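Here are the chains, one letter per residue:
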Amino acid sequence: MPVKERSEPTEPRKGGGPADPAGPAELPPDLPPELPPLASPRHRVGSALAFRRDQLGFLARGIEEHGDLFRFRPLGIPMVLINHPDHIQHVLVEHSERYDKGAALFKIVRPVLRDGLIAIADMDRWRRQRRMMAPHFTPRTVATFARNMTDETELMLERWTSRPEPYARPLDVTDEIGQLALRIVTRSLFSAQVGDSARDFEQAFGAANAILADFFRFPFPPLSVPTPSHRVLRRAVDDMDSFVSGFIERRLADGPPGEADAEEEAPDLLTLLMHTVDDDGSGMDLEQLHHEVLNLCIGAYETTTNALSWAFYLLARHPEAEARVHAEVDEVLDDGRVPGFDDLPRFPYTRRVIDETLRIYSPAYQTMRRALVDDEIGGHRIPAHSNVLINSYFLHRHPDFWPAPDTFDPDNFAPEAVAARPKHAYVPFGSGPRVCIGKHFALTELVLALTTVARRHRLVLPDGAPEVEPDPLITLHPKGGVHLRLEPR
Ligand code: HEM
């Protein structure tokens, strides 16, 4: 799909005279005339090529040169990076009504996500969908999924330990956890057992993630042009659609699980989405249902997979932190039992490890908003239609808020350290009305899966293993996956 926004924000006019007919409306008198500084290189193509070659390096240089707020325009698309907690709070929370998801990044992922909850720009439709789904994501409901999370982790451990020579050969931890994450979310929200089709979904998503990331860095030719990689993307979307249709169609044919004692069983999210009607009596059509289910699978799968892979990797590289996790797990689960939802408050250090992992390798490391009106951020004018980019890879390393930004230190999340920092210096789940709906789900799953494994096993770096680099795709993926060797404790 081509990205249509090619118009530049007009440069400020001296004296604030009437607006160019093609430019934004006349500025209210109290808006500053200055646009944010423009990151070099100034030439459009030069900027596009630099962004394409090394997206993180390009942004790092911009931050070094201009600080927390600057503009750039790869291929003429007007973008503004904001990298200060106050600016992020302004856009995501305090003035969220001035921004929507009609931004370039979401246009690019729309062929996959369509109008599901993650990418939908129309705020009235978003509100209706979110209202319908929110009750399934409260801490109380998530508590009822805890058992699925630990059961599936135990099944994964059984698969690992029943391989020939289970402790000799390294595991592709990212691939394994991808399947775990998909099995947990589909079982919890849709009562579906997806079995080995989880692997097909993983492969399709991996292909789409890489192709769309490339397209984000250099959106040409349009996705509608059938280049070989765009054809692979089409097939990947078809495969993800088939994965979702598989269990929706089974449900339509078989009816909801446990219908016989439906009065005692809470209906799952799939049943709710199929049957909820709005005030005007209209329900969700099958196509929309499909898109919502796909959005939840994608939202839950890749982010959780990356987070848990990186957490095991970081623990393998930091024995002192690993020892503290083991001590905590041994104390809470002294009889070797499986952890439960009520144990979560008793794992404060393990939770810090997860929080610190989400800081260093923030899985959903970039998001974007489109300015609906002219606005002011940090003393600069942000013209309507600007694409405002938030990149938590840099925000979470901001030297004003993190004493040693590149060092893995779970004590960054000790209560006194958290209290000393502005809230929006750390936004792995976003913030404001469009904060991640699955935040409690994810944090519960991450701590329970980690502690279930750590009861009896550890994951260690194979001899001579190279460092794993982050790959800035649409999400922050461990390049080549995390490979570790299982060891009994
Ligand atoms: C570590 C795990 C996760 C991370 C880091 C994460 C991160 C995020 C972020 C940053 C956003 C907001 C994006 C924005 O403002 O543009 C978001 C939204 C969303 N996430 Fe997550 N997520 C995680 C897990 C999950 C899970 C487990 C689910 C579902 C079960 C989920 C479903 C969604 C959905 C549907 C949205 C869109 C919400 C809306 O706009 O109303 N996520 N996620």
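Use the structure listed above.
Residues numbered from 1 in each chain as written. Predicted model: local features only at pLDDT ≥ 70, side-chain atom pairs only at ≥ 80, totals over all residues. Heavy atoms only, no water.

Just one protein atom donates to the iron atom of the ligand; it is C436 (SG), sitting 2.3 Å from the metal. Relative to the assigned elements, C436 resides in the loop between helix 16 (415-419) and helix 17 (439-454). (Donors = N, O, S within 2.8 Å, 3.2 Å for Na, K, Ca; no water. Helix = DSSP H or I, 4+ residues; strand = E, 2+ residues; numbered from the N terminus.)

This part takes up the site of the ligand. Around the ligand, a shell composed of 27 residues is seen, among which W126, R130, T367, R369 and C436 lie nearest. Within the side chain of K101, a nitrogen or oxygen atom sits 3.1 Å from an oxygen atom of the ligand. Contact distances for the ligand include 2.7 Å between an oxygen atom and a side-chain N or O atom of W126. The set of elements that each furnish at least two residues to the shell around the ligand consists of helix 5 (123-133), helix 12 (286-317), strand 5 (366-371) and helix 17. No other element matches the 5 residues that helix 12 contributes to the shell around the ligand. Classifying every residue of the shell around the ligand by side-chain character gives 17 nonpolar, 6 polar and 4 charged. (Near = heavy atom within 4 Å. Polar contact = N/O pair within 3.5 Å; in protein donor to acceptor, adjacent residues only side chain to side chain. Nonpolar A, V, L, I, M, F, W, Y, C, P; charged D, E, K, R; others polar.)

For the rest of this paragraph, the subject is the side chain of H457. Tracing the backbone shows H457 in strand 9 (residues 457-460). Residue classification places H457 among the buried residues on the basis of a relative accessible area of 12%. If sequence neighbours within four positions are ignored, H457 has contacts with L157, T161, Y167, H326, L486, E487, P488 and R489. (Buried < 20%, exposed > 50% of the residue type's maximum accessible area, 1.4 Å probe, protein only. Contact = heavy atoms within 4.5 Å.)

In this sheet, strand 5 lies alongside strand 3 (residues 99-100) in antiparallel orientation, the contact comprising 2 bridges. The residue of strand 5 that forms the bridge with D100 is R370. Of the strand pairs in this sheet, strand 5 and strand 8 (residues 387-391) are connected by 5 bridges, and their pairing is antiparallel. Bridging from a neighbouring strand, T367 pairs with I390 of strand 8. (Pairing = 2+ DSSP bridges.)

Interhelical geometry of helix 14 (residues 348-360) versus helix 17 gives an angle of 120° and a closest axis separation of 10 Å. Relative to helix 17, helix 14 is oriented oblique. Considering how the two elements wind past one another, helix 14 and helix 17 form a crossing that is right-handed. Mapping the contact onto sequence places T350, R351, I354, D355 and L358 in helix 14 and L443, L446, V447, L450 and T451 in helix 17. Tallied by class, the residues present in the contact of helix 14 with helix 17 amount to 6 nonpolar, 2 polar and 2 charged. (Axes fitted to C-alpha atoms, helices over the stretch in contact; angles between N-to-C directions. Parallel < 35°, antiparallel > 145°, perpendicular 65-115°, else oblique. Left-handed = near helix turned anticlockwise from the far one by under 90°.)

Pairing is possible between side chains that carry opposite charge, provided their charged atoms lie close to one another. Inspection of every chain in the model, using the stated rule, returns 30 salt bridges. Here D268 makes a salt bridge to R251, at a shortest N to O gap of 2.5 Å. Of this pair, D268 sits in the loop between helix 10 (228-254) and helix 11 (269-275) while R251 is found in helix 10, placing the two residues 17 residues apart along the sequence. Judged by its relative accessible area of 8%, R251 is buried. For E322, the salt bridge goes to R458, with nearest N and O atoms at 2.8 Å. Placement of the pair is E322 in helix 13 (residues 319-332) and R458 in strand 9, with a sequence separation of 136 residues. Residue R458 is classed as partly exposed on the basis of its relative accessible area of 26%. Residues joined by salt bridges that share partners form a network here, namely R147, D151, E152 and R187. (Salt bridge = Lys/Arg side-chain N within 4 Å of Asp/Glu carboxyl O.)

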